[in-house]
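# Descriptive analysis of the structure
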Amino acid sequence: MTISKKIKIPVTAAFVACELALYIAFMTTLLDYDTDIAVKYSGVCVCALFALLCCYTLDIRDFLLLGALIFTGVSDWFLLVTGENIIVGLSTFIVAQLLHFVRLSLERGRMPKVSVILRVAIPVAAIVALAFIDDMLCAETILVAIYFPQLVMNFVDSIPLCVKDRRCILLAVGFFLFMCCDVNVGIYNLAGVVDVSLPDSLLKFSEYAMWAFYLPAQVFIVLTGGRQSDASGAKKVQSA
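Residues numbered from 1 in each chain as written. Predicted model: local features only at pLDDT ≥ 70, side-chain atom pairs only at ≥ 80, totals over all residues. Heavy atoms only, no water.

### Quick look at the environment of Ile 122
To keep it simple, the criterion reads: Helix and strand assignments come from DSSP, with helices taken as H or I runs of at least 4 residues and strands as E runs of at least 2, each series counted from the N terminus.
As for its placement among the helices and strands, Ile 122 is situated in helix H5 (residues 113-131). Sequence separation between Ile 122 and Pro 149 is 27 residues; the distance between their C-alpha atoms is 6.8 Å.

### Quick look at the packing of aromatic side chains
Applicable threshold: Aromatic rings from Phe, Tyr and Trp, taking only the six-membered ring of Trp, are treated as a pair when their centres fall within 6.5 Å; an angle between ring planes under 30 degrees marks them as stacked, one over 60 as edge-to-face, and anything in between as tilted. For each residue, the accessible area found with a 1.4 Å probe, counting protein chains only, is set against the maximum for its type, and the residue is called buried under 20%, exposed over 50%, and partly exposed in between. Here, over-ring charges are defined by two tests on the NZ atom of lysine or the CZ atom of arginine: distance to the ring centre within 6 Å, and angle to the ring normal within 35 degrees.
Going through the model one piece at a time under the given rule, you end up with 9 aromatic pairs. Ring centres 5.6 Å apart and planes at 80° place the aromatic pair Phe 26 and Trp 211 in the edge-to-face group. With a gap of 185 residues between them, Phe 26 in helix H1 (residues 8-28) and Trp 211 in helix H9 (residues 200-222) connect regions that are remote in the sequence. Where Phe 93 meets Phe 178, the ring centres are 6.1 Å apart and the plane angle is 70°; that geometry is what we call edge-to-face. Residue Phe 93 is located in helix H4 (residues 86-108), and its partner Phe 178 is located in helix H8 (residues 168-189); the two are separated by 85 residues in the primary sequence. Take Phe 93 and Phe 178: they sit in the same class, and that class is buried. Through a chain of ring-to-ring contacts, the aromatic side chains of Tyr 23, Phe 26, Phe 93, Tyr 147, Phe 178, Trp 211 and Tyr 214 assemble into a single cluster. The ring centre of Phe 101 lies 3.8 Å from the NZ or CZ of Arg 119, which sits over that ring.

### Digging into the nonpolar core
Here is the rule we go by: In this description, a nonpolar core means a group of buried Ala, Val, Leu, Ile, Met, Phe, Trp, Tyr and Cys residues linked to one another through side-chain atoms lying within 4.5 Å. In this description, contact between two residues means that some pair of their heavy atoms is separated by no more than 4.5 Å.
Leu 69, Phe 175, Phe 178, Trp 211, Tyr 214 and Val 222 are the most contacted members of the largest nonpolar core, which totals 43 residues. Elements with a contribution of two residues or more to this core: H1, helix H2 (33-54), helix H3 (60-82), H4, helix H6 (139-158), H8 and H9. Other than its neighbours up to four places away in sequence, Val 222 contacts Phe 15, Cys 47, Phe 50, Ala 51, Cys 54, Leu 65 and Leu 69.

### Details of a nonpolar patch on the surface
Going by this rule: Only residues whose relative accessible area exceeds 30% and that take part in no salt bridge are eligible for patches, with like-charged residues grouped when within 9 Å of each other and nonpolar side chains (Val, Leu, Ile, Met, Phe, Trp, Tyr) grouped when within 5 Å. In these tables, accessible area is a Shrake-Rupley quantity obtained with a 1.4 Å probe, and a residue counts as shielded only by the protein chains included in the view. A pairing counts as a salt bridge when a side-chain nitrogen of Lys or Arg comes within 4 Å of a carboxyl oxygen of Asp or Glu.
Side chains of Val 120, Val 124, Val 128 and Phe 132 sit close together on the surface and give an oily, nonpolar patch of about 410 Å² of accessible area. Mapped onto the secondary structure, Val 124 falls in helix H5.

### Description of unusual backbone geometry
At Leu 58, a position not held by glycine, the phi torsion is positive, near 60°. One can find Leu 58 in the loop between H2 and H3.

### Some thoughts on the confidence of the model for the protein
Inclusion rule: Each residue carries a pLDDT value, the predictor's own confidence for that position, ranging from 0 to 100.
With 91% of its residues at a pLDDT of at least 70, the protein reaches an overall mean of 89. Low pLDDT (under 50) marks residues 229-240, which in the prediction has 27 contacts with non-local residues, meaning those over four places away or in another chain.

### Side note on the side chain of Asp 62
Put simply, the test is: His is not counted here, nor are the chain ends, while Lys and Arg score as positive and Asp and Glu score as negative.
Mapped onto the elements of the fold, Asp 62 is located in helix H3. There is no salt bridge for the buried Asp 62, and the closest opposite charge comes from Arg 103, which lies 4.4 Å off by N-O distance. Residue contacts for Asp 62: discarding those within four places in its chain leaves Ala 51, Cys 54, Cys 55, Thr 57, Arg 103, Gly 225, Gly 226 and Arg 227.

### Quick look at the packing of H2 against H3
The test is simple: Working convention: axes come from line fits to C-alpha atoms, limited for helices to the stretch in contact. Angles between N-to-C directions cover 0 to 180 degrees. We call two directions roughly parallel when the angle between them is under 35 degrees, roughly antiparallel when it is over 145, roughly perpendicular when it lies between 65 and 115, and oblique otherwise. By definition, any crossing whose near helix is turned counterclockwise from its far helix by less than a right angle is left-handed, and any crossing with a clockwise turn is right-handed. Under the grouping applied here, Gly and all other residues not named as nonpolar or charged are polar, the nonpolar ones being Ala, Val, Leu, Ile, Met, Phe, Trp, Tyr, Cys and Pro and the charged ones Asp, Glu, Lys and Arg.
Between H2 and H3, the least distance of the axes is 8 Å, while the angle of their chain directions is 170°. Between H2 and H3, the angle falls in the class roughly antiparallel. Classified by chirality, the crossing of H3 by H2 is left-handed. Every residue of H3 that contacts H2 at Tyr 33, Ile 37, Lys 40, Tyr 41, Val 44, Cys 47, Ala 48, Ala 51, Leu 52 and Cys 54 is listed here: Asp 62, Leu 65, Leu 66, Leu 69, Thr 72, Gly 73, Asp 76, Trp 77, Leu 80 and Val 81. Residues that form the contact of H2 with H3 fall into these classes: 15 nonpolar, 2 polar and 3 charged.

### Examining the pattern of salt bridges
Within the structure shown, the criterion is met by 4 salt bridges. The partner of Asp 36 in a salt bridge is Lys 40, and the shortest N-O contact between them spans 3.0 Å. Pair noted here: Asp 36 and Lys 40 are both in helix H2, with a separation of 4 residues, about one helical turn. The salt bridge involving Glu 107 is made with Arg 61; its shortest N-O contact spans 3.3 Å. Here Glu 107 is found in helix H4, whereas its partner Arg 61 is found in helix H3, with 46 residues between them in sequence. Side by side, Glu 107 and Arg 61 carry an identical accessibility label, which is buried. Taken together, the shared-partner salt bridges in this structure form one network comprising Asp 59, Arg 61 and Glu 107.

See below:
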């Protein structure tokens, strides 16, 4: 499926308008549970569709973006729609973040060693720390310990790219909003992991805020797709 450069602007405008309509629908109206979930998941699917349209460039970076959005959609299917397999949902989120990392490395022209080291060292340290806390080490917490540092490092790695390409500002903002979403997801689910009592007002805010941040995050990230290949994008990933 391809789109010409001539219609990219109206297609992008239609995409943003669609996402804005869906966002307003679930943020400002009282929908029943099933409809609310369907509207939220539709927003994620529309992002994946736009990422597919961006692949008209035949640029590997756009195919990586599409892959990341597909795995994000799979994650949300298990975590949001069915809620039946947290392990698969978290695992596919990790894959999505790793695909984003490869894309960032191509944008940068090399794979940063410091980032790679931190992406391994932080999860290992977190898992070791969890092992010393009673009843905290399980498959879910291990996956979270792997996943969240990948997201944080994607945000960190995207910041230097903002100087090279102003469109990467959207990418950095997207990853930042993504982190804000996951912080609120963590707060909302904290009571189910540790013996702690949180104010109902905080839990209600977190439940509201997670989606206030999440869909805009995906929109900002996917809007960085659809660029023609250039020398930096065509380079092979090098360790540096």
